[in-house]
Amino acid sequence: MSRLPRGNQSPADAERIRKKLGFEPALCPVRDVLDQLGDKWTVLILTTLRHEPRRFSALQRAVPDISKRMLTETLRSLERDGLVTRAVYPTKPPSVEYAISALGLSMLAPIDALVAWADANHAAVNRARARFDAEAAGTPADLVA
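What counts, and at which threshold
Residues numbered from 1 in each chain as written. Predicted model: local features only at pLDDT ≥ 70, side-chain atom pairs only at ≥ 80, totals over all residues. Heavy atoms only, no water. Pairing = 2+ DSSP bridges. Helix = DSSP H or I, 4+ residues; strand = E, 2+ residues; numbered from the N terminus. Core = buried A, V, L, I, M, F, W, Y, C linked by side-chain atoms within 4.5 Å. Buried < 20%, exposed > 50% of the residue type's maximum accessible area, 1.4 Å probe, protein only. Contact = heavy atoms within 4.5 Å. pLDDT = per-residue confidence, 0-100. Expected span 1.5 Å × (residues − 1). Arc of directions from axis to C-beta.

Looking up the protein chain in an unreviewed UniProt entry gives the name HxlR family transcriptional regulator, with the organism given as Oharaeibacter diazotrophicus.

Structure below.
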């Protein structure tokens, strides 16, 4: 990704420079993929589907703090991106099952690495947050645990 020149540009100037350099955020493949991965629920849903397909209600039980609406929206988005497949079975009422796709499975390796990093560094991140918050509140840094 190229850096944009800094300075006192108007929004119109900045937009013209972006277009001249060929930097269109909507066309950036990294941003496009990370928008989905960065969603709060994507990682939880993909890891829940890692070992077996699940019905909607089973997914909702596995991720209890997600609303039905958000689960529906996230599943649609994951299906649209090819990370999840949706199978409808002709029962009364119709039964719907969600499974992780091959593309979704390939996303689990970087997710697993990120989860391992978060687990290994959670305490350090919390210490940094406490230090930052204390300094912002005017507390001397040496008094922060």
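Resuming the write-up.
Moving on to the sheet that holds strand 2 (residues 84–89). Pairing is antiparallel across the open sheet formed by 3 strands, whose spatial order is 1-3-2. Of all strands in the sheet, those bounded by a partner on one side alone are strand 1 (54–55) and strand 2.

This part takes up the nonpolar core. In this structure, Ile45, Leu46, Leu49 and Ile111 are the most contacted members of the largest nonpolar core, which totals 19 residues. Elements with a contribution of two residues or more to this core: helix 3 (42–48), helix 5 (68–80), strand 3 (95–100) and helix 6 (102–136). Apart from the residues within four sequence positions on either side, Ile111 is in contact with Leu37, Val43, Leu46 and Thr47.

Turning next to the pairing of strand 2. A regular strand places its side chains so that they alternate between the two faces of the sheet. As paired strands, strand 2 and strand 3 are joined by 6 bridges and run antiparallel to one another. Bridging across to strand 3, Arg86 finds its partner in Tyr98. In this antiparallel pair of consecutive strands, strand 2 and strand 3, the connection spans 5 residues.

Mean pLDDT over the protein chain stands at 85; residues scoring 70 or higher make up 82%. Of all secondary-structure elements in the protein chain, the lowest mean pLDDT belongs to helix 1 (residues 11–21), at 68, while strand 1 reaches the highest, 97. Note on residues 1–5: pLDDT is under 50 here. Beyond four places in sequence and across chains, it has 8 contacts.

Here we take up the pairing of strand 3. With 2 bridges connecting them, strand 1 and strand 3 associate as antiparallel partners. Across the sheet, residue Arg55 finds its bridge partner in strand 3, namely Glu97.

A separate point is helix 5. Taking 1.5 Å of rise per residue, the 13 residues of helix 5 would be expected to cover 18 Å, and the 18 Å separating its terminal C-alpha atoms lies within 8% of that figure. Of the positions making up helix 5, those classed as buried are Leu71, Thr74, Leu75 and Leu78. Taken around the axis of helix 5, the buried residues stretch over an arc of 100°, which confines them to a single face. Exposed and facing more than 90 degrees away from the buried side of helix 5 are Arg69, Arg76 and Arg80. For helix 5, the elements touching its buried residues are helix 2 (29–37), helix 3, helix 4 (56–62), strand 2 and strand 3. Where helix 5 ends, the next residue or the one after it, Gly82, has phi of about 80°, a positive value.

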